[in-house]
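# Structural characterization, general
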Amino acid sequence: MPDRFPRAPVALLLLLAALLAPGRPLAAQDAGRLYQENCAACHGAAGEGSGLGPPLSPEHYRYGGGRQDFERVIRNGIASRGMPSFAATLSAEEIAALAAHLPARGSGAEDEEDAEDEEDAPDPPARRAFDAVPGTHQTLDYAIDVEVFAQGLETVWSMAFLDPDTALVAERPGRLRVVRGGSLVPEPVSGTPPVHVHDHEWNQAGLFDIALDPDYARNGWIYLSYAHRLGDGEGEGAAGPRLMTRVVRGRLRGNAWVDQQVVFEAAPAHYGGNWWHFGARMAFGDDGHLYLTVGDRGDMELAREPGRPNGKVHRIRPDGGVPDDNPFHGRPGALASVWSVGHRNPQGLAFEPGTGRLWATEHGPRGGDELNVIRRGADYGWPVVSYGINYDGTVLTPHRRAEGVEQPAWFWRPSIGVSGLAFYQGAQFPLWRGKALVTGLAPRQLRLLTLDGERVQHEEVVLTTQGRPYEPVVGPDGAIYVVTDDPGQILRITARQERRR
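Residues numbered from 1 in each chain as written. Predicted model: local features only at pLDDT ≥ 70, side-chain atom pairs only at ≥ 80, totals over all residues. Heavy atoms only, no water.

## Section: the overall build of the protein chain
Quick reminder of the rule: Helical segments are the DSSP runs of H or I of at least four residues, strand segments are the runs of E of at least two, and each set is numbered from the N terminus. The criterion used for residue contact is that any of the two residues' heavy atoms lie within 4.5 Å. Per-residue and other accessible areas follow the Shrake-Rupley method at a 1.4 Å probe size, with only the shown protein chains counted as cover for residues.
From N to C terminus, the protein chain includes 7 helices and 25 strands. Here the analysis covers contacts within the protein chain between residues at least 6 apart in sequence; of these, 59% occur between residues at least 24 apart. Accessible area for the protein chain stands at about 20500 Å²; split by element, carbon and sulfur atoms hold 50% of it.

## Description of unusual backbone geometry
Along the chain, Val-133 connects to Pro-134 via a cis peptide bond; the corresponding omega equals -5°. Its location among the elements puts Pro-134 in the loop between α6 (108-113) and β1 (135-138). At Ala-280, a position not held by glycine, the phi torsion is positive, near 80°. Looking at where Ala-280 falls in the secondary structure, it is placed in the loop between β10 (256-264) and β11 (282-284). A positive phi angle, close to 60°, is found at Arg-444, a residue other than glycine. Inspection of the secondary structure assignment puts Arg-444 in the loop between β20 (436-440) and β21 (445-452).

## Re the packing of aromatic side chains
Here is the rule we go by: Two rings from Phe, Tyr or Trp (for Trp, the six-membered ring) form a pair when their centres are within 6.5 Å of each other. A pair whose planes differ by under 30 degrees is stacked, one over 60 is edge-to-face, and the rest are tilted. Think of it as a cone above the ring: NZ of Lys or CZ of Arg counts as a charge over the ring if it is within 6 Å of the ring centre and within 35 degrees of the ring normal.
Counting across every chain of the model gives 15 aromatic pairs. Ring pairs connect the aromatic residues Tyr-142, Tyr-424, Phe-429 and Trp-432, which therefore count as one cluster. Seen from the ring of Trp-221, Arg-249 lies directly overhead, with NZ or CZ sitting 4.0 Å from the centre. The ring of Phe-278 carries Arg-297 above its face, with NZ or CZ at 4.1 Å from the centroid.

## Quick notes on the packing of helix α2 (residues 31-38) against helix α5 (residues 92-101)
Defined as follows: Axis definition: a line fitted to C-alpha atoms, limited for helices to the stretch in contact. Angles are taken between N-to-C directions and run from 0 to 180 degrees. Each angle gets one of four labels, with under 35 degrees taken as roughly parallel, over 145 as roughly antiparallel, 65 to 115 as roughly perpendicular, and the rest as oblique. Lys, Arg, Asp and Glu make up the charged group, whereas Ala, Val, Leu, Ile, Met, Phe, Trp, Tyr, Cys and Pro make up the nonpolar group; the residues left over, Gly among them, are polar.
Closest axis-to-axis distance for the α2/α5 pair is 9 Å, and the angle between their directions is 95°. Here α2 lies roughly perpendicular to α5, going by the angle between them. From α2, Ala-31, Gly-32, Leu-34 and Tyr-35 reach across to α5, where they touch Glu-94, Ala-97, Leu-98 and His-101. Class assignment of the residues belonging to the contact of α2 with α5 gives a composition of 5 nonpolar, 2 polar and 1 charged.

## Examining the packing of helix α4 (residues 67-76) against α5
Between two packed helices, the angle of one axis relative to the other and the distance separating the axes together describe the packing. Where we set the bar: Crossing handedness follows the turn of the near helix against the far one: under a right angle anticlockwise gives a left-handed crossing, and clockwise gives a right-handed one.
Orientation of α4 relative to α5, taken along the N-to-C sense of each, is 130°, at an axis distance of 9 Å. Comparing the axis directions of α4 and α5 gives the class oblique. α4 and α5 meet at a crossing whose hand is right-handed. Of the residues in α5, those touching α4 at Arg-67, Phe-70, Glu-71, Ile-74 and Arg-75 are Ile-95, Ala-96, Leu-98, Ala-99 and Ala-100. Along the lines of polarity and charge, the residues of the contact of α4 with α5 split into 7 nonpolar, no polar and 3 charged.

## Details of the sheet that holds β20
Heads up, the rule is: Strand pairing follows a simple DSSP-based rule, namely that at least 2 bridges must link the two strands.
Read from one edge of the open sheet, 4 strands run β19-β20-β21-β22, paired in antiparallel fashion. Edge positions in the sheet fall to β19 (418-423) and β22 (455-464), since each of these pairs with one other strand and no more. The sheet shows a mean angle of 25° between the axes of neighbouring strands, taken without regard to direction. Two elements, β20 and β21, share 5 bridges in a ladder whose sense is antiparallel. Residue pairing across strands places Val-438 opposite Arg-447, the latter belonging to β21.

## Examining the environment of Asp-259
Put simply, the rule is: Only protein chains enter the area calculation, which uses a 1.4 Å probe; residues under 20% of their type maximum are buried, those over 50% are exposed, and those in between are partly exposed. We call two N or O atoms a polar contact when they sit within 3.5 Å, provided that within protein one can donate a hydrogen and the other can accept it, with sequence-adjacent residues counted only if both atoms are side-chain atoms.
Residue placement: Asp-259 occurs in strand β10. Accessibility expressed as a relative area gives 34% for Asp-259, which makes it partly exposed. A distance of 3.2 Å separates polar atoms of two side chains, one belonging to Asp-259 and the other to Arg-251.

## Let's talk about the environment of Leu-34
Looking at the element boundaries, Leu-34 is found in helix α2. Taking the relative accessible area as the measure of exposure, Leu-34 reaches 1% and is therefore buried. As for Leu-34 and Ile-95, which are separated by 61 residues in sequence, their C-alpha atoms are 8.9 Å apart.

## A closer look at the pattern of salt bridges
This is how it is decided: Basic side-chain nitrogens of Lys or Arg form a salt bridge, by our definition, when they fall within 4 Å of a carboxyl oxygen of Asp or Glu.
A complete count under the given rule lists 21 salt bridges for this structure. The salt bridge partner of Arg-492 is Glu-147, with a shortest N-O separation of 2.7 Å. Separated by 345 residues along the polypeptide, Arg-492 in strand β25 (residues 488-499) and Glu-147 in strand β2 (residues 142-153) bring together distant segments of the chain. One salt bridge connects Asp-379 with Arg-304, and the closest N-O pair in it is separated by 2.5 Å.

## Concerning the nonpolar core
We count it as follows: In these notes, a set of buried Ala, Val, Leu, Ile, Met, Phe, Trp, Tyr and Cys residues joined through side-chain atoms within 4.5 Å is what counts as a nonpolar core.
Among the nonpolar cores identified, the biggest contains 24 residues, and Phe-149, Met-159, Val-169, Tyr-481 and Ile-490 are the most heavily contacted of them. Mapped onto this core, the elements with two or more residues apiece are β2, β3 (156-163), β4 (166-171), β23 (469-474) and β24 (480-485). In terms of residue count, β3 provides more of this core than any other element does, 4 residues in total. If we ignore the near neighbours within four places in the chain, the residues touching Met-159 are Phe-149, Ala-167, Leu-168, Val-169, Ile-210, Glu-471, Val-473, Tyr-481, Val-483 and Ile-490. Counting 18 residues, the second-largest nonpolar core is a separate cluster that includes Ile-78, Phe-86, Leu-98 and Ala-99.

Written out as structure tokens, the structure is:
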């Protein structure tokens, strides 16, 4: 739908509300009349646009171009653009008739693939088994070129650009690699911390995320998160290794990791024997503090207990100290580093440019993947509140809402195995600036989310990959990089000059 609705004066909105008040007899089948009475004042008698709203034509749509998208926008409105919701003034049949009257982008077959935001709607299918790489593919806004940026890697979990010519890459088996000038340096970085990797089908342990200090150009600090194993005899219990998410920082000197310091480490009593749900995503805020996720580690009942690190977003200073204004600082029995509680396994974390909002993608149970806005001291409900069920199909919880528990901004049912998250900023895709990129491990997809404030207006599958995509990264060149596990490689996505119309 259109990307620009000038904010309408209050008097005009009141007038529109009066004209569209319930009770006016409108024939649902008379789509043209519905348009003239509800849309023409803002979008022109023939959809040519006016001073209040943009033209209604495929090249101007920014919130999806199918009939389901039209219905969603008409029903919900776009508050940030000054477009009101018509849910209270038009019936579902009238909204459907009005949406059918608008010129859709492409054929009717496209409409069937558009994402719907109703609770029980199925997830949009993959467009094919995977998009051949290298190659050119179509999105709603751009023709994109996809090429292999680096290959010969093993289960790539994350990457970060040290400069426009150098990328640092984390392989989950525990190796830190460098890609320089478009070529993979043969030898892994030496001296990195020992990372636990267990040979088990449920294993999720390993080397995870990379984050650069906000002042990296001056101080050289690089942050790594990984699965840390306690030494023999440490912690509680006697059977099997005991693991927890840990964060260290260090510097690169040549191809060696040096000056290591531990900045986040749980008490030995909080380590557990499970091999899954480490969280381990990191992001620096404008406040200069490091935000990091720790999954519930398979002990879901601990996720809402502020005295345990499990199932939390934590906030610390770059050197590992705890800010005095953290919500649980000074509370008896609570961990001072805790920023929010009630998370299952947040595997994506990013700050939204321009707003400072912290967003997280949370890998949920069967049918419970979430996109959340992370707020100071907030409770996200896991496992008492969830839109998912157990993997065996049994009921996990009867509650989707509870007092004092945050609702997700978006959730996926069926689950997509949501993983990484990034906000696009760059010159390659001007129409995508401010939109969110997420990866789904199950369908092996890169998806683009169009946001309106804290709501998701539209979701599009940009690319289906051969390997599972763990993270999208926006490079200094404005290209989008996607890391995958099998094959272990990094894909680079750029825009062709011509736009699709």
